[in-house]
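# Summary of structural features
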Amino acid sequence: MSTQVTGGRRTIVVMAVVAVVCLAAGLLLSQLIVSPGKAAADAAPPTAGPITVPVESRVIANELVIRGDVGYDDPVALRVETGDLGGPAVVTGQVPQVGAEIGAASVVLEIVGRPLIVLPGDLPTYRSLRAGVSGPDVRQLKAALASLGIDAGDPATDTYDSATAAGVRALYQKVGYEPPAAGEELQDAATAAREGVRSAQDALAAAQRELAGAATGPARSVIIGLDTAVAVARQTLADEQARCAAPSEEAPCSQAAVVQAQGTLAQAEAERAEAGAAKDVASERSAVTSAQAQLTSARESQAQAQAATLTPLPASEVVFVPTLPRRVDVVSATRGGTVTGEFMSVSGATIQITGSATRADAELLAVGTAGTITLDDQELPVTVAAVKDSVETPADPGTPGGEEPEEPTAPKGDRRAVVFTLGSLTPEQVLALQNTNVRVRVPVSSTQGEVLAVPLAALTAGPGGESRVELAGADGKASSLVTVTTGLAADGYVEISKAERPLAAGDLVVVGVADTEKKKTADAEGKG
């Protein structure tokens, strides 16, 4: 009986275990097997909702994009004036090589042993400059010397004076040549003028001695002698008158002796009076005045003659070039040959970019405005150097906002040429840029710092035309419309300069709604 009980219990335990296993398997299969209705509901897209982006703090800049050709400055032909040489202009040295760079105070040729010096200036050489001449070419020379740190006198005046001559001498010392000298005739004239001054000085000294002698009168010893003569004459007259008053045999009266004594006294008194009276020196003074006038005239002549000997600047020894430095392109002069007129062609030694823009766009580009170009994924700085009337039809104009039109539509007369200069470049960069066409990007307006900005797509128009953004609600709250004042717009963003409610970077604004179908509800079978 106990055996039957034991067997029955075992059967119950086995059945219980089987039931538990079946239950676990059923639960597992229920998780793995999905009804068609629930599968369709799970595969449906999510419910449509707003697309939001954060408000950003960023710099907004609008830029002008211009296509430009890379090259050197326009070529300039150099010419030398040889009329003052008085003979053939033989080249004796200093002939530069093609590709060489010439700058201010460079010697580009040596002609009959004298240098031909390059100076900056727009006016060509058309005459020799020497003391006394004046004009715009003198003012240009003074400015050129000043750019070299050489004092040439008052730059506001256009007269070649001693200070200008001193500046020219300093220029020749800088280039290592003796300064030019005046001709022998002028030197002889200056020597003769100095001799004339010395002669006039001697004549004036003699006239002044004559005047001094006439004005001082007789010496004191002469005056004493004249006084003594008067006293003796008076005493002699008194003695003679006393004899006549009491004549005697030993001393008889002599009227002749009295008359003679009276005459002697009168003469002595007259001589003494003449010696004490002021002398008439009018003639001596006139002689001094005449001698002074002659000396003044002689000194003026000497000054003119000396000025004529100041260091000149011969037309055959200087050539002015509008911009420096320059690169030598062509040299027609050879050592031992002669030159007349043009002898060399030079172009700009620094690379520049020449593009064009419409007049409206060009008005946004002031000289000195900075921009950039891209070379091998590296940005290189450029600067607007000039904005001028276009002389050729542009190949590809630029437009603001970063877009480039396919072809120009404005007429030639409505376009302006824009010239850019580049910063310092490596030789490899120079080689890579030569004869290329590049895109120049020039910021023409900017917020000058980070501002609150949103995508243009976030803006909507209100019933009164005002600009609005939809501020997304937080924590399930509904969104709200906020009226804003916009500022600069560029690159798809717009500045929020003012808002009726405070906005901060990171706030979410709505830019659109997701384009999806509504989620389908699961059918009853899915629930089961």
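Residues numbered from 1 in each chain as written. Predicted model: local features only at pLDDT ≥ 70, side-chain atom pairs only at ≥ 80, totals over all residues. Heavy atoms only, no water.

### A word on the overall build of the chain
In terms of helices and strands, the chain carries eleven helices and 23 strands. Within the chain, counting contacts between residues at least 6 apart in sequence, those at least 24 apart form 72% of the total. Surface summary for the chain: the accessible area is close to 30600 Å², and the carbon and sulfur share equals 54%. (Helix = DSSP H or I, 4+ residues; strand = E, 2+ residues; numbered from the N terminus. Contact = heavy atoms within 4.5 Å. Areas by Shrake-Rupley, 256 points an atom, 1.4 Å probe, with all protein chains shown as cover.)

### Some thoughts on the packing of aromatic side chains
Applying the stated criterion across every chain, the model contains zero aromatic pairs. The lysine or arginine in question, Arg58, covers the ring of Tyr493, its NZ or CZ lying 3.9 Å from the ring centre. (Phe/Tyr/Trp six-rings, centres within 6.5 Å; stacked < 30°, edge-to-face > 60°. Lys NZ or Arg CZ within 6 Å of the ring centre and 35° of its normal.)

### Focus on the confidence of the model for the chain
Caution applies to low-pLDDT parts of the model: their predicted coordinates are not meant to be read in detail. Confidence in the prediction for the chain averages 82 pLDDT; 83% of positions are at 70 or higher. A low-confidence stretch, residues 517–528 stays under pLDDT 50, and its non-local contacts, those more than four residues away or across chains, total 17 contacts. (pLDDT = per-residue confidence, 0-100.)

### Some remarks on the pattern of salt bridges
Evaluated as defined, the whole model comprises twelve salt bridges. A salt bridge links Arg243 to Glu240, with the nearest nitrogen and oxygen atoms 2.9 Å apart. Of the two residues, Arg243 and Glu240 both sit in helix H6 (residues 220–245), three residues apart, roughly one turn of that helix. Residue classification places Glu240 among the buried residues on the basis of a relative accessible area of 14%. With its nearest N and O atoms 2.8 Å apart, the salt bridge here joins Asp329 to Arg327. Each of Arg359, Asp389 and Arg416 takes part in salt bridges that share partners, so that together they form one network. (Salt bridge = Lys/Arg side-chain N within 4 Å of Asp/Glu carboxyl O. Buried < 20%, exposed > 50% of the residue type's maximum accessible area, 1.4 Å probe, protein only.)

### Focus: the sheet that holds strand S10 (residues 326–331)
Pairing is antiparallel across the open sheet formed by four strands, whose spatial order is S4-S11-S10-S6. At either end of the open sheet lies a strand with only one pairing partner, and these are strand S4 (76–80) and strand S6 (101–102). Strand direction decides the pairing type here: S10 and strand S11 (residues 341–348), joined by five bridges, are antiparallel. Looking across to S11, one finds that Arg326 is bridged to Gly348. (Pairing = 2+ DSSP bridges.)

### So, the nonpolar core
Leu119, Leu141, Tyr160 and Leu313 are the most contacted members of the largest nonpolar core, which has 22 residues in total. For this core, the secondary-structure elements that each account for two or more residues are strand S8 (114–120), helix H3 (136–147), helix H4 (162–175) and strand S9 (318–321). Broken down by element, the residue count for this core peaks at five residues, all from H4. Counting residues in hydrophobic clusters, the runner-up holds 19 residues, among them Ala357, Leu375, Val384 and Val418. (Core = buried A, V, L, I, M, F, W, Y, C linked by side-chain atoms within 4.5 Å.)

### Quick notes on the environment of Ala490
Its location among the elements puts Ala490 in strand S21 (residues 480–490). When the C-alpha atoms of Ala490 and Glu63 are compared, they prove to be 8.3 Å apart, with 427 residues separating the residues in sequence. Contacts of Ala490, omitting those with residues within four sequence positions, involve Ile60, Ala61 and Asn62.

### Description of the environment of Pro115
Its place among the elements puts Pro115 in strand S8. You can call Pro115 buried: its relative accessible area is 1%. Sequence separation between Pro115 and Gln94 is 21 residues; the distance between their C-alpha atoms is 8.3 Å. Beyond its immediate chain neighbours, meaning those up to four positions away, Pro115 contacts Val107, Leu109, Tyr172, Tyr177, Ser316 and Glu317.

### Re the sheet that holds strand S5 (residues 91–93)
Spatial ordering of the open sheet is given by S5-S7-S8-S9, a layout of four strands whose pairing is mixed. Here the strands that pair on one side only, and so sit at the sheet edges, are S5 and S9. Here the strands of the sheet are splayed against their neighbours by 35° on average, with no regard to which way each runs. Against the sheet, H3 makes contact with S8 and S9, and its axis sits at roughly 90° relative to S8, the strand it touches most. (Axes fitted to C-alpha atoms, helices over the stretch in contact; angles between N-to-C directions.)

### Some words on H6
At 3.6 residues per turn, the α-helix brings residues three or four places apart onto the same side. Taking 1.5 Å per residue, 26 residues should reach 38 Å; H6 reaches 38 Å between its end C-alpha atoms and fits that length. Those residues of H6 lying buried are Ile223, Leu226, Val230, Ala233, Leu237 and Glu240. (Expected span 1.5 Å × (residues − 1).)

### Focus: a nonpolar patch on the surface
Residues Val13, Val17 and Val21 make up a contiguous nonpolar surface patch of about 260 Å² in total accessible area. Looking at the element boundaries, Val13 is found in helix H1 (residues 2–32). (Patch = residues over 30% accessible without salt bridge, like charges linked within 9 Å, V, L, I, M, F, W, Y side chains within 5 Å.)

### Describing unusual backbone geometry
Backbone torsion omega between Leu324 and Pro325 reads 5°, so that peptide bond is classified as cis. Along the polypeptide, Pro325 turns up in the loop between S9 and S10. Phi is positive for Asp377, which is not a glycine, with a value near 65°. Here Asp377 is to be found in the loop between strand S13 (370–375) and strand S14 (378–389).

### Focus on the side chain of Thr82
Relative to the helices and strands, Thr82 resides in the loop between S4 and S5. Those residues in contact with Thr82 that sit more than four places away from it in its chain are Ala89, Val339 and Thr340.

### Digging into the side chain of Arg415
Within the secondary structure, Arg415 sits in strand S16 (residues 415–422). An unpaired buried charge is present at Arg415: no salt bridge exists, and Asp414, the closest side chain of opposite charge, is 6.2 Å distant. For Arg415, the side chain forms a polar contact with the side chain of Ser356, separated by 3.5 Å. (Lys, Arg positive; Asp, Glu negative; His and termini not counted. Polar contact = N/O pair within 3.5 Å; in protein donor to acceptor, adjacent residues only side chain to side chain.)

### Brief notes about the environment of Val384
Inspection of the secondary structure assignment puts Val384 in strand S14. Measuring from C-alpha to C-alpha, the distance between Val384 and Thr421 comes to 6.5 Å, with 37 residues separating the pair along the chain. With residues near it in sequence (within four places) discarded, Val384 still touches Leu365, Ala366, Val367, Gly368, Thr369, Val418, Val419 and Phe420.

### Re the packing of H3 against H4
Between H3 and H4, the least distance of the axes is 11 Å, while the angle of their chain directions is 50°. The orientation of H3 relative to H4 falls into the category oblique. With respect to the hand of their crossing, H3 and H4 are arranged in left-handed fashion. Contacts between H3 and H4 pair Leu141, Lys142 and Leu145 from the former with Thr164, Gly167, Val168 and Leu171 from the latter. Taken together, the residues of the contact of H3 with H4 sort by class into four nonpolar, two polar and one charged. (Parallel < 35°, antiparallel > 145°, perpendicular 65-115°, else oblique. Left-handed = near helix turned anticlockwise from the far one by under 90°. Nonpolar A, V, L, I, M, F, W, Y, C, P; charged D, E, K, R; others polar.)

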